[in-house]
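Residues per chain are reported as follows:
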Amino acid sequence: MNWLVSRATVTAVGLTCKAVLNLGFSSVAVDGIHNLHNALRSPARNAGQGIITGLLISFLRHLRRADQQKLQITSRRMVFSSRNISSSTTYALFRLDDPVTWGVLPARYYLSSRTTRWALGASDVMFTNPLVLLKAPILRYSSLVASIFSAFFRHGQTLETFRGKGVHQPAVDTAIQKLDQGEWVHLYGEGKINQPETYQRDVFGVARLSRFKWGVGRILMETSTPPVIIPMWLTGFDQLMPEGRSFPFKYLPRYGAQLSVTFGSPIPSEEILDALGSLELKAPPPDAVKPTGWVKDKVKEELQAPTIANEDLLKIRADVTAVIQRHVEALGRSICGDTLTR
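Nothing here was measured: the structure is a model prediction, and the numbers come from that model.

(A) Layout of the overall build of the protein chain. Scanning the protein chain from terminus to terminus reveals 14 helices and eleven strands. A burial count over the protein chain gives 50% of its 342 residues as buried. The contacts of the protein chain with a sequence gap of at least 6 include a subset with a gap of at least 24, amounting to 77%.

(B) Representation of the nonpolar core within the structure. One finds Ile219 and Ile324 to be the most contacted residues of the largest nonpolar core, which totals 36 residues. Those elements giving two or more residues to this core turn out to be α9 (170–180), β7 (184–187), α10 (214–221), β10 (228–235), α13 (294–303) and α14 (310–336). Among the elements that make up this core, the one with the highest residue count is α14 (eight residues). Core analysis: the second largest hydrophobic core is formed by 24 residues, Val104, Val228, Phe237 and Leu259 among them.

(C) Region of interest: the environment of glutamate 183. Its place among the elements puts glutamate 183 in the loop between α9 and β7. Along the chain, glutamate 183 and leucine 40 lie 143 residues apart, while their C-alpha atoms are 8.9 Å from each other. With near-sequence residues (within four places) excluded, glutamate 183 lies in contact with Arg45, Gly50, Ile51, Ser113, Arg114, Trp118 and Lys178.

(D) Structural detail: the pairing of β7. Neither face of β7 is open: one carries Trp184 and His186, the other Val185 and Leu187, and all of them are buried. The pairing of strand β5 (residues 118–122) with β7 spans two bridges and is classified as parallel. Pairing of tryptophan 118 across the sheet is with valine 185, part of β7.

(E) Looking closely at α9. For α9, the full list of buried residues reads Ala171, Val172, Ala175, Ile176, Lys178 and Leu179. In an axial view of α9, the angular spread of the buried residues amounts to 160°, which keeps them on one side of the axis. A positive phi of about 80° marks glycine 182, the residue just after α9.

(F) Region of interest: the packing of α10 against α14. Their axes nearest at 8 Å, the elements α10 and α14 cross at an angle of 100°. Taken together, α10 and α14 sit at an angle that is classed as roughly perpendicular. Between α10 and α14, the contacting residues are Trp214, Val216, Gly217, Arg218, Leu220 and Met221 on the first element and Leu313, Ile316, Arg317, Ala318, Val320, Thr321 and Ile324 on the second. Classifying every residue of the contact of α10 with α14 by side-chain character gives nine nonpolar, two polar and two charged.

(G) The arrangement of the packing of aromatic side chains in detail. Scanning all chains against the criterion turns up three aromatic pairs. Ring centres of tryptophan 102 and phenylalanine 263 lie 6.4 Å apart, and the angle between their planes is 40°; on these two criteria the pair is classed as tilted. You can see tryptophan 102 sitting in the loop between α5 (97–101) and β5 and its partner phenylalanine 263 sitting in strand β11 (residues 258–263), a full 161 residues away along the chain. Like phenylalanine 263, tryptophan 102 is buried. These aromatic residues form a ring-pair network of at least three members: Trp102, Trp184 and Phe263. Looking at lysine 165, its charged tip hangs above the ring of phenylalanine 162, at a distance of 4.6 Å from the centre.

(H) Region of interest: a nonpolar patch on the surface. Together, Met1, Trp3, Leu4 and Val5 line one region of the surface with nonpolar side chains, adding up to about 480 Å² of accessible area. With respect to the helices and strands, the residue tryptophan 3 is situated in helix α1 (residues 2–22).

(I) A look at the environment of leucine 273. Its place among the elements puts leucine 273 in helix α12 (residues 269–273). Looking at leucine 273, the relative accessible area reads 26%, which means it is partly exposed. The contact partners of leucine 273, leaving out residues within four places of it in the chain, are Pro226, Trp294 and Lys298.

(J) Layout of the environment of proline 231. Assignment of secondary structure puts proline 231 in strand β10. C-alpha separation for the pair proline 231 and threonine 262, spaced 31 residues apart in sequence, amounts to 8.5 Å. When near neighbours in sequence (up to four residues on either side) are disregarded, proline 231 contacts Gly54, Thr262, Phe263, Gly264, Ser265, Ile267, His327, Val328 and Leu331.

(K) Up close: α14. An ideal rise of 1.5 Å per residue puts 39 Å on 27 residues; α14 measures up with 38 Å between its terminal C-alpha atoms. Just past α14, the residue glycine 337 takes up positive phi, approximately 85°.

(L) View of the pattern of salt bridges. Across all of its chains, the model carries eight salt bridges by this definition. Arginine 154 is the partner of glutamate 160 in a salt bridge, and the nearest nitrogen-oxygen pair spans 2.7 Å. Among the ionic pairs, lysine 315 bridges to aspartate 319, the shortest N-O distance being 2.8 Å. In this pair, lysine 315 and aspartate 319 both sit in helix α14, four residues apart, roughly one turn of the helix. Judged by relative accessible area, aspartate 319 falls into the partly exposed class, the value being 26%. When salt bridges with common partners are traced through the structure, they connect Asp173, Arg218 and Glu222 into a single cluster.

(M) Focus on the confidence of the model for the protein chain. The predicted model of the protein chain averages 77 in pLDDT, with 74% of residues at 70 or higher. Element-level mean pLDDT values for the protein chain span from 30 in strand β4 (residues 77–80) up to 97 in helix α2 (residues 33–41).

Cut-offs applied
Residues numbered from 1 in each chain as written. Predicted model: local features only at pLDDT ≥ 70, side-chain atom pairs only at ≥ 80, totals over all residues. Heavy atoms only, no water. Helix = DSSP H or I, 4+ residues; strand = E, 2+ residues; numbered from the N terminus. Buried < 20%, exposed > 50% of the residue type's maximum accessible area, 1.4 Å probe, protein only. Contact = heavy atoms within 4.5 Å. Core = buried A, V, L, I, M, F, W, Y, C linked by side-chain atoms within 4.5 Å. Pairing = 2+ DSSP bridges. Arc of directions from axis to C-beta. Axes fitted to C-alpha atoms, helices over the stretch in contact; angles between N-to-C directions. Parallel < 35°, antiparallel > 145°, perpendicular 65-115°, else oblique. Nonpolar A, V, L, I, M, F, W, Y, C, P; charged D, E, K, R; others polar. Phe/Tyr/Trp six-rings, centres within 6.5 Å; stacked < 30°, edge-to-face > 60°. Lys NZ or Arg CZ within 6 Å of the ring centre and 35° of its normal. Patch = residues over 30% accessible without salt bridge, like charges linked within 9 Å, V, L, I, M, F, W, Y side chains within 5 Å. Areas by Shrake-Rupley, 256 points an atom, 1.4 Å probe, with all protein chains shown as cover. Salt bridge = Lys/Arg side-chain N within 4 Å of Asp/Glu carboxyl O. Expected span 1.5 Å × (residues − 1). pLDDT = per-residue confidence, 0-100.

Below is the structure:
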């Protein structure tokens, strides 16, 4: 029964988003979608090669100065002021970049979990009661409403993640299992709700993305087979739900937004495997750990040992994550230039 509810949920959302795009509510330019089509049709999926899309950078709304004062970031967790929640936070709960993006897919894709994505979603953002933001006394403390929204996202193939619990948590484990089954998992590399108005720049004045979360590296490393990785870049979604509008318009997408969705070429698996190239053959230290997934086989092949120093494992994880970040950044630069903004 759960699978039937899940199919109905994904199909309804997908068809709704496709209708929004096809009816001219907003325009969308799509490039490189053949890269995703080819991955989804690959027979290698039946042998356990999964697909990862995204690690994407979506230009969501820019925080206004007044909103920045209402949104406090502490200890890697989001803490909202108790009396005045910013409209940027509201957007986090009514974000449209994920479902609208998949409105560009053929309608038949929505009918199977093999051709629709699994995603990781923050517990404090998606698995809660967003109607609290409407300040409705009856709904604010309604656990029933929260349960309905939680069920909606679970049946919409979203895995609940918890901020601050690190890379070893059930949602990450499940994502790895899905990839080993040849499924499609969609990730957000920076793990952020809002993007900054401008990115940090290096000494040459070139914009750089924030460091991707190491959970990305763990997911990639612990699959049995290196997955197909397709970087993505979105633009225009900050205009779909712009800041500063009055109620009820701030909860509605804006007509006429110009969106773009770009799928890059798959990242060569050799670049991921090269992350092991810097390891040196040495006696296992006291803190040696036994790696899992394809890394285990590569460690045995390269080091002729079943274990690896924990610090080396962390370095591999960081190097793998950095490879993905470079490719996403390069894709964004090819679209938006060195500022990574339009």
